[in-house]
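Architecture at a glance
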4 protein chains.
Amino acid sequence: MYFASDNWAGAHPAIAESLVREATGYAAAYGTSDLDRRIEQRFNDIFERDVQVFFVGTGTAANSLSLAAVGRPGGVTFCHSEAHVVADECGAPEFLTSATRLYPVEGSAGKMNPDNLKAAIGRFPPGAVHQGRPMAVTMTQATEMGTVYSLDEIAVIGDIAKGARVPLHMDGARFANALVALDCTPAEMTWKRGVDILSFGGTKNGCWCAEAIVVMNPDLAADLPFLRKRSAQLFSKTRFISAQLEAYFEGDLWLELARTANSAADRLRSALASSNTSRIAWNTSSNEVFAVLDKAVAKKAEAEGARFYDWPVPAETPDMLGDNEVLVRLVTSFATTQADVDQFIDLLR
Amino acid sequence: MYFASDNWAGAHPAIAESLVREATGYAAAYGTSDLDRRIEQRFNDIFERDVQVFFVGTGTAANSLSLAAVGRPGGVTFCHSEAHVVADECGAPEFLTSATRLYPVEGSAGKMNPDNLKAAIGRFPPGAVHQGRPMAVTMTQATEMGTVYSLDEIAVIGDIAKGARVPLHMDGARFANALVALDCTPAEMTWKRGVDILSFGGTKNGCWCAEAIVVMNPDLAADLPFLRKRSAQLFSKTRFISAQLEAYFEGDLWLELARTANSAADRLRSALASSNTSRIAWNTSSNEVFAVLDKAVAKKAEAEGARFYDWPVPAETPDMLGDNEVLVRLVTSFATTQADVDQFIDLLR
Amino acid sequence: MYFASDNWAGAHPAIAESLVREATGYAAAYGTSDLDRRIEQRFNDIFERDVQVFFVGTGTAANSLSLAAVGRPGGVTFCHSEAHVVADECGAPEFLTSATRLYPVEGSAGKMNPDNLKAAIGRFPPGAVHQGRPMAVTMTQATEMGTVYSLDEIAVIGDIAKGARVPLHMDGARFANALVALDCTPAEMTWKRGVDILSFGGTKNGCWCAEAIVVMNPDLAADLPFLRKRSAQLFSKTRFISAQLEAYFEGDLWLELARTANSAADRLRSALASSNTSRIAWNTSSNEVFAVLDKAVAKKAEAEGARFYDWPVPAETPDMLGDNEVLVRLVTSFATTQADVDQFIDLLR
Amino acid sequence: MYFASDNWAGAHPAIAESLVREATGYAAAYGTSDLDRRIEQRFNDIFERDVQVFFVGTGTAANSLSLAAVGRPGGVTFCHSEAHVVADECGAPEFLTSATRLYPVEGSAGKMNPDNLKAAIGRFPPGAVHQGRPMAVTMTQATEMGTVYSLDEIAVIGDIAKGARVPLHMDGARFANALVALDCTPAEMTWKRGVDILSFGGTKNGCWCAEAIVVMNPDLAADLPFLRKRSAQLFSKTRFISAQLEAYFEGDLWLELARTANSAADRLRSALASSNTSRIAWNTSSNEVFAVLDKAVAKKAEAEGARFYDWPVPAETPDMLGDNEVLVRLVTSFATTQADVDQFIDLLR
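What counts and how
All residue numbers refer to position in the chain's written sequence, counted from 1. All chains are assigned letters beginning with A, and all ligands numbers beginning with 1, in the order in which they are written. Whole-chain, interface and lining totals are the exception, using all residues; otherwise, since this is a predicted model, local features are given only for residues with pLDDT of at least 70 and side-chain atom pairs are given and counted only at 80 or more. Values shown for side chains rest on all heavy atoms present in the structure; no hydrogens or waters enter the calculation. UniProt positions are given in the numbering used here, feature names are shortened, and annotations may be inferred rather than shown by experiment. In this scheme, strands are said to pair when DSSP sees at least two bridges between them. Each helix corresponds to a stretch of at least 4 residues labelled H or I by DSSP, and each strand to a stretch of at least 2 residues labelled E; elements are numbered beginning at the N terminus. Residues are treated as being in contact if the distance between any of their heavy atoms lies within 4.5 Å. Whenever a helix is involved, its axis is fitted only over the stretch in contact; in every case the axis is a line through C-alpha atoms, and angles between N-to-C directions fall within 0 to 180 degrees. Superposition of the copies was done by least squares, using only C-alpha atoms of residues whose pLDDT is at least 70 in both. Each patch groups residues whose relative accessible area exceeds 30% and which form no salt bridge, using 9 Å between like charges and 5 Å between nonpolar side chains of Val, Leu, Ile, Met, Phe, Trp and Tyr. Accessible areas in this description were obtained via Shrake-Rupley with a 1.4 Å probe; residue shielding takes into account the shown protein chains only. We define a salt bridge as a side-chain nitrogen of Lys or Arg found within 4 Å of a carboxyl oxygen belonging to Asp or Glu. We score Asp and Glu as negative and Lys and Arg as positive, and we do not count His or the chain ends. Each charge is placed at NZ for Lys, CZ for Arg, CG for Asp and CD for Glu. Think of it in three bands: residues with accessible area under 20% of the maximum for their type are buried, residues over 50% are exposed, and the middle band is partly exposed, with areas taken using a 1.4 Å probe on protein chains only. Within 3.5 Å is the distance limit for a polar contact, defined as a pair of N or O atoms, with the added protein rule that one can donate a hydrogen and the other accept it, and that residues adjacent in sequence qualify only through two side-chain atoms. Any angle between 65 and 115 degrees counts as roughly perpendicular, while under 35 counts as roughly parallel, over 145 as roughly antiparallel, and the rest as oblique. Note on convention: the crossing is left-handed when the near helix lies turned anticlockwise from the far helix by less than a right angle, right-handed when the turn is clockwise. Joining two parts hides part of their accessible area as seen by a 1.4 Å probe, and the buried area is that hidden amount summed over both. Residues are grouped as follows: nonpolar covers Ala, Val, Leu, Ile, Met, Phe, Trp, Tyr, Cys and Pro; charged covers Asp, Glu, Lys and Arg; every other residue, Gly included, is treated as polar.

Under the annotation held in an unreviewed UniProt entry, chain A carries the name L-threonine aldolase and is attributed to Rhizobium halophytocola. Turning to chain A, the UniProt annotation filed under Function (unreviewed entry) states: "Catalyzes the cleavage of L-allo-threonine and L-threonine to glycine and acetaldehyde." Under the heading Subunit (unreviewed entry), UniProt records this for chain A: "Homotetramer."

Here it is in C-alpha cells:
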C-alpha cells in the first residue's frame, strides 16, 4: 500500500533488463551512439514531426533547461502558483536560467486561469525595463493537483502565449498519465495545441532515471547542447538512458504503464466515492488522488502499512475539512497492484 | 579494440544485474532509502572515517558542486592548465559556482608544479579585492595525462592548500585506477594527505552512472543538499545509484575492475616499449596510455577496427613527433580483454 | 508641478557644490581616501554604533547586494508582494544573489501583514530541500504605497525574522522621508527594532547618486567587499559619493530636505482632504500622495504642465474608483516648492 | 607628485561645474531626459555613425555588460593574459555574463599576439561542446602596459575576430589617451578596424564617474537595456552622467585632457631616457610610464611625497632588474602639472 509517490517504485522489469542487455559492448559516448540516435528517431515517430531531444537526469533539469533554452535577461516566466517549478525545485529554474523570475498565476484545480494569465502578462508592457519582460509560460500536465488540462484548455494557454510572443513549455513529469487520461496522441497534447518545448518524464512511470527535453520548435534548440553540458547534465554513457527508453517505448509499454497507474487511481476514486468514512477531495483524472479521510481511519491505515503524505488544504477551499478529517495525497504507479488498492479500500470501510 | 575512452564501455554485468534486483519493491525517494543509507555507511568504511556522501549524475556535476560547496564571491580556483574542469566541462564549474575563476597552473606530466602553484596563489594577497581571492585548489587523480600523483606529491599540494587556507579538492573521475596504481588505501590517497573533498567516480570504471561527492571535512557539507537540488542533481529514485554502488563495492569489485583496466594498459605499455614501429609518449601508470605511432600503423589499426583518439602534442614537448608520427591516446577499461590488447599489439609489429 | 517622481529632481545646490570643492587634489581610490573614511565615521555617529558602510551606485544595487551578503543556495527572501525588489528591479536581486526566490507576502497599505509573513516562512520547514530555505526578510521604509511602518510594526517584523533565524533587510530608498515622518532616530528605526542591514538611499532625497549599504551586524559584511567588486559596483573615485554625503549630512541637511518633501506632501494631503473634486486614495505619511482625481481635472492639470503617473488600483480595494475617476501618484521632493503645490491645488478646485 | 593612478585625481572643474548647472530643474529619469538624448546624439557625431549608448557606473560594468550583450552559454572570451578583465575585476565579467570563461592569450607589451590569438580560438572547433565555444575577443586600448595598439594591429585582431564569427570588444578605460597617441578619429580606432562594442571611459580622464557602452553594431544592443537594469547599473538621475559628458565633449575638452596627461608622460619618458640613475622599462605611448628606478632613488622620491606603485616584472622579461633596482608604474592624468613632473624628475638625478 505504497501511495506516497510514484517515485517510490523502482523500475519496470523490462526496463531494468534492457540495461543488462545493453551493458556489454562499446558505444560512442555523450549521446552519439547508434542507440541514442535510434531513440531520438523514436521521438520523431511518437510526436509525428522532427523534434530535437536532449536527455537529462532529472525532471528539475528538464524544466530548468527548457526555460534556459528560451531565456533572456530580465525574463519573467509565468506558472501556476503551486507549480513544481516554483514550489518544489529549490530555485533550480531561477538558478539555471541565470535568474528568471517565476510569476505565480492563480487558478483552481492546479490549472492556470486564462484570465489571470492574461492579466499577469499584461503587467509587463513592452519596453518596461523595470518590471522585466515576459519570457515563457510553463504549464504542468498532469498538474500537481492530479488534474489534467483538456486539449481545449491547453490550446487556450497556447494562444495566450503565442499572443504574447513567448514560448509555451509543458512540464510533463507525468506526461504519460495525462496522455492516457485524455486518450489522445502526444502531438495533439503538445505542438498541435501550441506547446513549443516539453519536459518528457519517464522516471515516475517506470524508468530508473530517464527524462528528456523535447523541442518542437527547432529554433529553441540552438543553445541546448551547451546549456546542458554547462549545467552538468550531459551523461557520458547516455545509452543508459536510451536503453531504458528503448524498453519504455517497445510495444507502447509506456502507455500501458500509465494506464495501470491511472486505473489503480480510478479504483481508489470509485471506492472513495462510495465510502462512508472518506471522500474525494476534488476530481482528478491522472494517477494522483486527493482524499479527505477521517483522522482515525488515516491513522489506522498507516498503522497497517499504508504510506501516503498529508497534504495542505488548498487556499481556494479553506474550509474543506471537518474537525476530525485530514487531507491526504494518494499516488499510484505502474507498480501498484489491484491487491494494494483493495487492501487500502478495505481499511476505509 | 576500443581504446577511445573508458566511457565507451557499458556497465559490468554485476552492476546491471543489481539494478534488476533492486527494481522491485518500494523505497523512499531522494536519497532517504535504506539502501542509500547502507551505501553511505559503506563509504565511511572505505574511507575509514565519517564522510558525507552526495550522489550526483556526472563527473562534471561532482567537480562543480564540490567547488560550489567551498565557493565564495570573487573566489579563484587553482587547477592544472589542462585539467578536465577547465578544458572539458564547458564552463560548468564556473557556472555552477556562480563564477569562480579557474586559474591555470602549469606543470609537466599533467601535474601541477608545486612552485607554480605557490606562485599562483601568491598573486592573490589577502584583501586584494580587484584580483579576487583564493577559494580552492583542485587536482586530478589520475591526471588527464594518465599519470598519477604519488602520495608525497599529494601531500605537498595538500600542504600548500592548507597554508593558503583553502580546501583541496580531488577530481577522482579515475579514482580507482589511481588507487590500485599506488596500491594504497582511499584514506591514504585523500584526507591523510590533505584532501578535503573528493569527486568519486564510478562511471568510467564499470557503472552506468554513479558519481559521488565525498566530503571529508564535514564543515564543507552544510550547503551541499541545497546546492545539489538547486543544480538539478538530486535524483528521485536515488537507489538506482545506490544499487550500482552496492555491486560496485561488493567483494571489492571496484578494485578488481580498476586492476583489469590498469593491467591491460600495462600490457600495452610493455608492447609499446618493445615495439620497433611505435613507442610510449610518456610514462603513465593508470589506464591511459599515450603512444607515438607511425602514421601508417595508426591508419592500419583504425582500418582493422581499432578505436582511439589522436591527441595534441603537449606544449612542454613540442618536438616529440617525427615526420610520419602521430600521438594517440589509448584508454583501457574494466571491459578490455587480453585478446583486445593482443590483437592491437599485433598491429604494431 | 513635477510630481512624477522624486528622482526627476536634480541635486541640492550644496551637494553639487561639494563636488566642485572636492574636485581638485588627489585622493586614494576605491574607497580608501580620508574623505571616504570620514563619511564612514559619520555613519557610525548617525547610527549610534559601529556600522560597516559600502557605497554603491543605485538603490537596486544596494538592495541586491544586501541580499547577496546574506545569500545562501536555495534561499528564499520574503518581501511585500508589491515591493520594489520584486516589482521594479528587473530581476536584479535574483540575478545578483545567484537566484534567491522572492516570496511575495500580501498586506494592506504596502506593508507585509505579520501573520502572512509568519505563514509564508512556515511553508519552509527546516531541511526541506525541495522548497528551499528562508534566507532573509526585506521590508521597504517608506513603502511603495507611501505609508510608513511604525516603530512597533518594524519590531514585529524584526521579531519574526529573528524567530526564523534570518536577517532583516530594510530598503531605505526613502529612508529620510520615513525617519522624519516617525520623528525618531536612525538607530530607533533600524537595529533597535531588529534591522540587520539597510539600503540607505540619498539619491531620491537630493543627491545625484549616493546609495550605501549599511551593515548593522558586522558578521554580514565579510563577503561584501568582494560581492560589490564582483558586481561592478566599486567606484574608483569613491569620493564623488563621499563628497555628496558630506554635504548631505552637514548640519543635518538630509533631514531638512526630507522635511521639505514631506511638508509639501502634507500640504497636498490637506488640500485633497478639503477638495470637492478629488480625494486622498489612502493615508500616507511620507512624500508620496495617492489621489483619486476626476478624470477631467487630471487632464486639465496635465495640460497645465503638471507631471504625475497614473497608478494601478490596488488589488485590496478593487472598487475604489468612480466612473470618471483616476488614481494618480504625486511625489514631492526636496526641490518641491510651496508655489508648485499651490499651483497644483488651484487646479483641483 | 601623484603618479599612483589616474583615478586618484578628482574631476576637471568644467565637469564639476556642469553638475552644478544641471542640478536645478526637473528631468525625466532613467536615461530618458533631453540632456541624455543630446549626449547620445553627440556620440553619434563623435563616432560618425549611429551608435547605441548605455551609461554605466564603472569600467568593470562597461566591460562586463559589453560581454554579456554578446553572451552565450558555454562561451569563451579571449583576452590578453594580463588584461584588466581577467586580472583586476574580481570575476565581474565572469559573474555578469553568467560565467563566460576568460581565455588568456599571451603577447608582448600587453598586446595579444595575433598568432597566439588564432591558435587559442583554434582550440575550439565548432560543435565541440566539452570545450565550450568562442564568444568574443576583448582588447584593451590603451593596454595595461601603457602601450597602444596601432590601427593596423587593431585591424589584424578585428579580422581574426571576424574570421571566427565573434564580436570584438574594446576596453577603452583609457580610450582618449590612446586616441590622441594615435592621432586618429574615434571611428578609425574602432568600427573602421572591426570593433563592434566599446567600453568608453571618461572617469580616468577627468570625469567623476562617467562610463558608457558604445555599441557600433546595433544587433548587439537588443538585450542591453535589460542586462543593464538587471545588473543594477541603470541610474535614476542619469543626467548626472550626461552633465559630466556634456562638459567633457564641449570644445573637445576630453581630447585636451588626454593630451595633457600624455604630454606629462612624454616629459617623464624624456627625463628617464636621459637619467643616469633610472630608465624606461619599456616603450609606452599613453599616460602610463614604466620605469626602472634605483631602489634608493625610489625610496627618496616616496619620502619626498611622490606616490606610485611598484609593478611586477613581466614574465617575458624576467631579468630586467638589477640588484638594486625596482620597477614602478607612473601614471599621469589630466590634472598632472608640469611642476609635478619636474619636481619628480629632479629627484631622479
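Next comes the rest of the description.
1. Here's the deal with the sheet that holds strand S10 (residues 309–310) of chain C
In a beta sheet, neighbouring strands are held together by backbone hydrogen bonds and run either parallel or antiparallel to one another. Residues and elements named next belong to chain C. Strand order across the open sheet formed by four strands is S8-S9-S11-S10, with antiparallel pairing between neighbours. Because the sheet does not close on itself, it has two edges, and the strands there are strand S8 (278–280) and S10. Here strand S9 (residues 288–294) runs beside strand S11 (residues 325–331); their pairing, made up of seven bridges, is antiparallel. The residue of S11 that forms the bridge with leucine 293 is valine 326. Contacts from helix H13 (residues 295–303) reach S8, S9 and S11 within the one sheet, and its direction differs from that of S9 by about 115°.

2. Some thoughts on the relation of the copies chain B and chain D
Screw-axis analysis of chain B against chain D gives a translation of 0.1 Å along the axis, an RMSD of 0.0 Å, and a rotation angle of 180°. As the rotation angle and translation indicate, the two copies are arranged about a two-fold axis. Within chain B, the C-alpha atom positioned nearest to the axis of rotation is that of alanine 99 of chain B, 2.6 Å from it. A symmetric contact is evident, with 100% of the interface residues of chain B recurring at the interface of chain D.

3. A short note on a negative patch on the surface
Residues Glu106 and Glu316 of chain A together with Glu106 and Glu316 of chain C make up a contiguous surface patch of negative charge. Mapping glutamate 106 of chain A onto the fold places it in the loop between strand S3 (101–105) and helix H6 (114–122). The partly exposed category is assigned to glutamate 106 of chain A, whose relative accessible area is 49%.

4. Some words on the interface of chain B and chain D
Counting residues at the interface gives 17 residues for chain B, matched by 17 residues for chain D. Between the two partners, chain B and chain D, sit four salt bridges. Put simply, arginine 123 of chain D and glutamate 82 of chain B hold a salt bridge, and the shortest N to O gap is 3.1 Å. Summed over the shared surface of chain B and chain D, the result is eight residue pairs in polar contact (both at pLDDT 80 or more).

5. With respect to the pattern of salt bridges
Applying the stated criterion to the full structure yields 48 salt bridges over all chains. The partner of arginine 329 of chain A in a salt bridge is glutamate 288 of chain A, and the shortest N-O contact between them spans 3.0 Å. With arginine 329 of chain A in strand S11 (residues 325–331) and glutamate 288 of chain A in strand S9 (residues 288–294), the pair connects residues that are 41 residues apart, well separated along the chain. For the pair formed by arginine 329 of chain A and glutamate 288 of chain A, the shared burial category is buried. With its nearest N and O atoms 2.9 Å apart, the salt bridge here joins glutamate 153 of chain D to lysine 111 of chain D. Linking glutamate 153 of chain D in helix H7 (residues 151–163) with lysine 111 of chain D in the loop between strand S3 (101–105) and helix H6 (114–122), this pair joins segments that are 42 residues apart in sequence. One network of salt bridges, with partners in common, ties together Asp6, Arg174, Glu288 and Arg329 of chain A.

6. Description of the packing of helix H12 (residues 253–273) of chain B against helix H14 (residues 338–348) of chain B
Residue and element names in this part refer to chain B. In the contact formed by H12 and H14, the axes pass within 10 Å of each other and the chain directions differ by 15°. By the angle class used here, H12 and H14 are roughly parallel. Where H12 crosses over H14, the two elements pack in a sense that is right-handed. In this structure, H12 uses Ala264, Arg267, Leu268, Ala271 and Leu272 to contact H14, whose residues at the interface are Gln338, Val341, Asp342, Phe344, Ile345 and Leu348.

7. Looking at the sheet that holds strand S1 (residues 52–56) of chain D
Residue and element names in this part refer to chain D. Taking strand neighbours across the sheet as the criterion, the seven strands line up as S1-S7-S6-S5-S4-S2-S3 in an open arrangement whose pairing is mixed. Two strands bound the open sheet, and with one partner strand each, they are S1 and S3. For this sheet, the mean angle separating the axes of adjacent strands, direction not counted, is 25°. Across five bridges, the pairing between strand S6 (residues 197–201) and strand S7 (residues 211–215) is antiparallel. Looking at S7, one finds that serine 199 is bridged to isoleucine 213.

8. Brief notes about the interface of chain B and chain A
Frequently, the measure chosen for interface size is the accessible area that the parts lose on association. Taken together, the 53 residues of chain B in the interface contact 53 residues of chain A. Where chain B abuts chain A, roughly 4,400 Å² becomes buried across the two surfaces, and 65% of that area is made up of carbon and sulfur atoms. Among the residues chain B hides against chain A, the three largest losses belong to Tyr26, Trp208 and Lys237 of chain B. Together they make up 21% of the total. Our count for the contact surface shared by chain B and chain A stands at zero salt bridges. Secondary structure elements with two or more residues in the side of chain B that touches chain A: helix H1 (13–21), helix H3 (59–69), helix H5 (92–96), helix H10 (224–230) and helix H11 (239–249) of chain B. When residues of the side of chain B that touches chain A are assigned to their parent elements, the largest contribution, four residues, is made by H1 of chain B.

9. Observations concerning the packing of helix H2 (residues 34–47) of chain C against helix H11 (residues 239–249) of chain C
Residue and element names in this part refer to chain C. Direction vectors running N to C along H2 and H11 enclose 40°, while the axes themselves pass 9 Å from each other. With respect to their mutual orientation, H2 and H11 come out oblique. Where H2 crosses over H11, the two elements pack in a sense that is left-handed. The residues of H11 that touch H2, namely those facing Leu35, Asp36, Arg38, Ile39, Arg42, Phe43 and Ile46, are Arg239, Ser242, Ala243, Leu245, Glu246 and Phe249. Of the residues contributing to the contact of H2 with H11, the split by class is seven nonpolar, one polar and five charged.

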